[in-house]
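Single-letter residue listing:
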Amino acid sequence: MDLVELSRLQFAVTSLFHFIFVPLTLGLSILVAIMETCYVRTGNELYLRMTKFWGKLFLINFALGIVTGITLEFQFGMNWAEYSRYVGDIFGAPLAIEATVAFFLESVFIGVWIFGWNKVSKRIHLMSIWIVAFASTLSALWILLANGWMQHPVGFVLRNGRAEMVDFMAMLTNSYGLLKFSHTVVSGYVLAAFFVMGISAWHLLRKSNPDFFKTSFRMGAVFGLISIFLVILSGDYTAVVVADAQPVKFAAMESVWETQAGAGMNLVTWPDTANERNYVESMTIPKFLSYLAYHNTDAVVQGMKAFPKEDRPPVLPVFLSFRAMVGMGFYMTFLVILAVFVSWRGTIEKHPLLLRILLYSIPIPYLANQLGWIVAEVGRQPWIVYGVLRTSDAVSTSVSVAQVTGSLIGFTLLYGLLGFIDIYLLIKFARMGPDEDVSFLIQSARKEA
């Protein structure tokens, strides 16, 4: 592998590993905040126990997410110095705001939430977890606006051999970035819902703390149902934006080779990239692809042949990742509807098969999230900034293949160890179950105003 491929592989390893923790942080922070809100409003000790139990798992995940996220930004200076030089004036702004505003809020108020039990009032303590949830979402906004600019660059000019920002509001209102943000965040909500339902299912199968985990299960199921439909809605609009801003990526996602009006969608397809066609095309829904791309059944969908070969992404990984992601989405939609139905009937413990399926389905939203990023990032190739800067021109010229190989091996081993520790701790504390006695948390350390 050459320097470019190794640098891409290293960034892929570190970013995909980091993104194991991000979606759970986004979703579980909201769920824990809702649980504590229920406790403050009702005084019901059950919700306090839920807050402590799920909050402990949230903190384990949060800590690993912070550690693994730091190394990503260092790579822009080490492995991608030419990229940083070329677009640093633009890309650096949202990352700087994320670090000085969102990360600062997270860092301060996560401390208040961890150490503030019986030291601040219940309402201040509740406010701290909501601020953590808000700050985590705000962090995702700035990072995804930066990534959205790479996908659909706006508000800049090329001057003195660099891209320079001339319209910050254009980046802030970039439809690609905003839709990427909304789709990513609500996908994290779905992941958190399946995380809560899966762990609750494990305990319900063992008849451990049934009231506690039935309530947790119901809350996760409702949260998941709302979130999965938001994922579908945001995904639909994201497809429209991709088809408009990156038509070659859309063609790769659906393995479309010929430009056609009123394009149908093939439910069964297999690409033949060597001959620029598909081996199989069957079960076609007439004009449906044109509707998905432009919300117009007669719209023209550009095929891969409309673009030079050197400007096309690798079709097979993009196509397979997209199809697998969509398939997992339908699977999760069916499961969460079923989960809401049985939990609100109060019969969830009478469906052990469903509980086992939900337990074994915890990895599914993780995989779907990772596949979504593969579609987004591999589908943008060969560009690092779409239509502006090629990936091959963005790599550092001062690092060697041996240096990147060594750091790649080091990162992989380190992240493998961190991943093992994370899974071990999550399983350990998830199996332990909630604290039975939380009276020490409800002793009034001070009178509320």
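Note on numbering: residues in each chain are counted from 1, in written sequence order. Per-residue local features are limited, in this predicted model, to residues with pLDDT of at least 70; the limit for side-chain atom pairs, both in listing and counting, is 80 or more; totals at the level of whole chains, interfaces and linings are taken over all residues. The basis for every side-chain value is the complete set of heavy atoms in the structure, and neither hydrogens nor water enter the calculation.

This brings us to helix α5 (residues 122–151). Because the α-helix completes a turn every 3.6 residues, residues three or four places apart line up on one side. Segments assigned H or I by DSSP are reported as helices when at least four residues long, segments assigned E as strands when at least two residues long, and all are numbered from the N terminus. The span one expects for a helix is its residue count, reduced by one, times 1.5 Å. Its 30 residues give α5 an end-to-end C-alpha distance of 43 Å, which sits within 8% of 44 Å, the value for a rise of 1.5 Å per residue. Burial classification: accessible surface area is computed with a 1.4 Å probe over protein chains only, and a residue below 20% of its type maximum counts as buried, one above 50% as exposed, and the rest as partly exposed. Extensive coverage of α5 is indicated by the burial of 23 of its 30 residues.

So, about empty space enclosed by the protein. Think of a 1 Å grid over just the protein atoms. A cavity is a set of points where a 1.4 Å probe fits yet cannot get out, a pocket is an open set with protein on both sides within 12 Å along at least five of seven lines, and lining residues have an atom within 4 Å of a point. Grid points are joined across faces, edges and corners, and a volume is the space filled by probe spheres set on the points. Under the counting rule described, the total for this entry stands at one cavity of 30 Å³ or more. When residue character is reported, Ala, Val, Leu, Ile, Met, Phe, Trp, Tyr, Cys and Pro are called nonpolar, Asp, Glu, Lys and Arg charged, and the others, Gly included, polar. Split by residue class, the lining of the largest cavity holds six nonpolar, one polar and no charged.

Turning next to the layout of surface pockets. A volume near 1400 Å³ is recorded for the largest pocket. Lining the largest pocket are 47 residues; nearest its centre among them are F11, S15, H18, L72 and I143. Elements represented by at least two residues in the lining of the largest pocket include exactly α1 (3–18), α2 (22–42), α3 (45–78), α4 (81–115), α5 and α13 (363–378). For the second largest pocket, the calculated volume is near 1200 Å³. Lining the second largest pocket are 39 residues, and of these H183, G235, F322, M325 and V326 sit closest to its centre.

On to the packing of helix α7 (residues 175–205) against helix α11 (residues 315–344). Packing of α7 against α11 leaves a shortest axis separation of 12 Å and a crossing angle of 50°. In terms of axis orientation, α7 runs oblique to α11. Of the two elements, α7 crosses α11, and the hand of that crossing is left-handed. Residues V190, F194 and M197 of α7 pack against M332, L335, V336 and A339 of α11. Its residues placed into classes, the contact of α7 with α11 shows seven nonpolar, no polar and no charged. Orientation is described by lines fitted to C-alpha atoms, with helices fitted over the stretch in contact, and by angles between N-to-C directions that extend from 0 to 180 degrees. Should an angle lie under 35 degrees it is considered roughly parallel, over 145 roughly antiparallel, and from 65 to 115 roughly perpendicular; all remaining angles are considered oblique. Crossing chirality is assigned from the near helix's rotation relative to the far helix, an anticlockwise turn below a right angle marking it left-handed and a clockwise turn marking it right-handed. The contact criterion used is simple: two residues touch if any of their non-hydrogen atoms lie within 4.5 Å.

Moving on: the packing of aromatic side chains. Any two rings among Phe, Tyr and Trp, with Trp reduced to its six-membered ring, count as a pair given centres within 6.5 Å; such a pair is stacked if its planes are under 30 degrees apart, edge-to-face if over 60, and tilted if neither. For the structure shown, the criterion picks out 17 aromatic pairs. Pairing F19 with W373 gives two aromatic rings, centres 5.4 Å apart and planes at 75°, and the pair type is edge-to-face. Placement of F19 in the loop between α1 and α2 and of W373 in helix α13 is noted, with a sequence separation of 354 residues between them. We note that F19, like W373, is buried. Here F53 and F212 contribute two aromatic rings whose centre-to-centre distance is 5.7 Å and whose plane-to-plane angle is 85°, an arrangement assigned as edge-to-face. With a gap of 159 residues between them, F53 in helix α3 and F212 in helix α8 (residues 210–245) connect regions that are remote in the sequence. In this structure F53 comes out as buried when scored by relative accessible area, which is 4%. On the basis of relative accessibility, which here comes to 1%, the residue F212 falls in the buried class. Every member of this aromatic cluster is reached through a ring pair, and the members are F53, W54, F195, F212 and F213.

So, on to the nonpolar core. Here the nonpolar core consists of buried residues drawn from Ala, Val, Leu, Ile, Met, Phe, Trp, Tyr and Cys, with membership extended through side-chain atoms lying within 4.5 Å. Counting residues in each nonpolar core, the largest one holds 108 residues, and the members touching the most others are L28, W54, F195 and L358. At 18 residues, α7 tops the list of elements feeding residues into this core. Apart from residues lying up to four places away in sequence, F195 is in contact with L24, L28, W54, L57, I362, Y366 and L426. Counting 23 residues, the second largest nonpolar core, distinct from the first, contains Y86, I90, F91 and V385.

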